[in-house]
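In case you want the letters, here they are:
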Amino acid sequence: MCEFYVKPVYFFDAEMEIILFVFIFLMELLFMFSFLMGYVKLLICGGLIQAPGQGSSPATPTPALPAGKQWCVPTQTATDAQLQANINYVCSQGTVDCKPIQAGGACFNPNSLKAHAVYAMNAYYQKSGRHAFNCDFSKTGVITSADPSHDTCKM
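Here is what the cut-offs are and how they apply
- Residues numbered from 1 in each chain as written.
- Predicted model: local features only at pLDDT ≥ 70, side-chain atom pairs only at ≥ 80, totals over all residues.
- Heavy atoms only, no water.
- Core = buried A, V, L, I, M, F, W, Y, C linked by side-chain atoms within 4.5 Å.
- Buried < 20%, exposed > 50% of the residue type's maximum accessible area, 1.4 Å probe, protein only.
- Helix = DSSP H or I, 4+ residues; strand = E, 2+ residues; numbered from the N terminus.
- Contact = heavy atoms within 4.5 Å.
- Expected span 1.5 Å × (residues − 1).

(A) Layout of the nonpolar core. In terms of nonpolar packing, the biggest core is built from 21 residues, with Cys-72, Val-90, Val-96, Ile-101, Tyr-119, Tyr-124 and Phe-137 touching the most fellow members. Counting only elements with at least two residues in this core, the list comes to helix 2 (80–93) and helix 3 (113–127). Tallying contributions element by element places helix 3 first for this core, with 7 residues. Discounting chain neighbours no more than four positions away, the residues touching Ile-101 are Ile-87, Cys-91, Cys-107, Phe-108, His-116, Tyr-119 and Ala-120.

(B) Inspection of unusual backbone geometry at higher detail. With an omega of 0°, the peptide bond between Asn-109 and Pro-110 qualifies as cis. For Pro-110, the location among the structural elements is in the loop between helix 2 and helix 3. In this structure, Ser-138 takes a positive phi of about 50° despite not being glycine. Among the structural elements, Ser-138 can be located in the loop between helix 3 and strand 2 (141–144). Using a relative accessible area of 19% as the deciding quantity, one classes Ser-138 as buried.

(C) Local environment of helix 3. In a regular helix each residue adds 1.5 Å, so 15 residues correspond to 21 Å; helix 3 covers 21 Å between its end C-alpha atoms and thus fits that length. Counting buried positions along helix 3 yields 11 of 15 residues, so the element is predominantly enclosed. In the core, the buried residues of helix 3 are packed alongside strand 1 (71–74), helix 2 and strand 2. Gly-129 lies just past helix 3 and shows a positive phi near 105°.

So, in structure tokens, the structure goes:
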């Protein structure tokens, strides 16, 4: 009887196998990172993550106005509850100084929810980079070229 031994043929040596494993591992990490970043971008820029008190609908970009001064003000249809939620949100972020709409502040008078919301929403819009989505407020904000400043309250 004739016996023979067939030696297995390896395409890669051990060192090459390690390099290939590391390469594949790094490619998978890169893929997972790019997928994750795309998902995060969708959540944030797509409006799927909403600020507290800002409702659940995604932000809709406001058409750009011509260059020049722009302000963010409440829409005519915004309810008192929505205006109060906007003020609460803006003043809880810590990026806007809400002292001017407190008693004795430069923007306290007229002492109305709408006047205080104008200040808070515009201050947030200005401090956040003047992007249209910073004036959305669940579709209760609109960008205008009409300066809402009055008396001692300069926007």
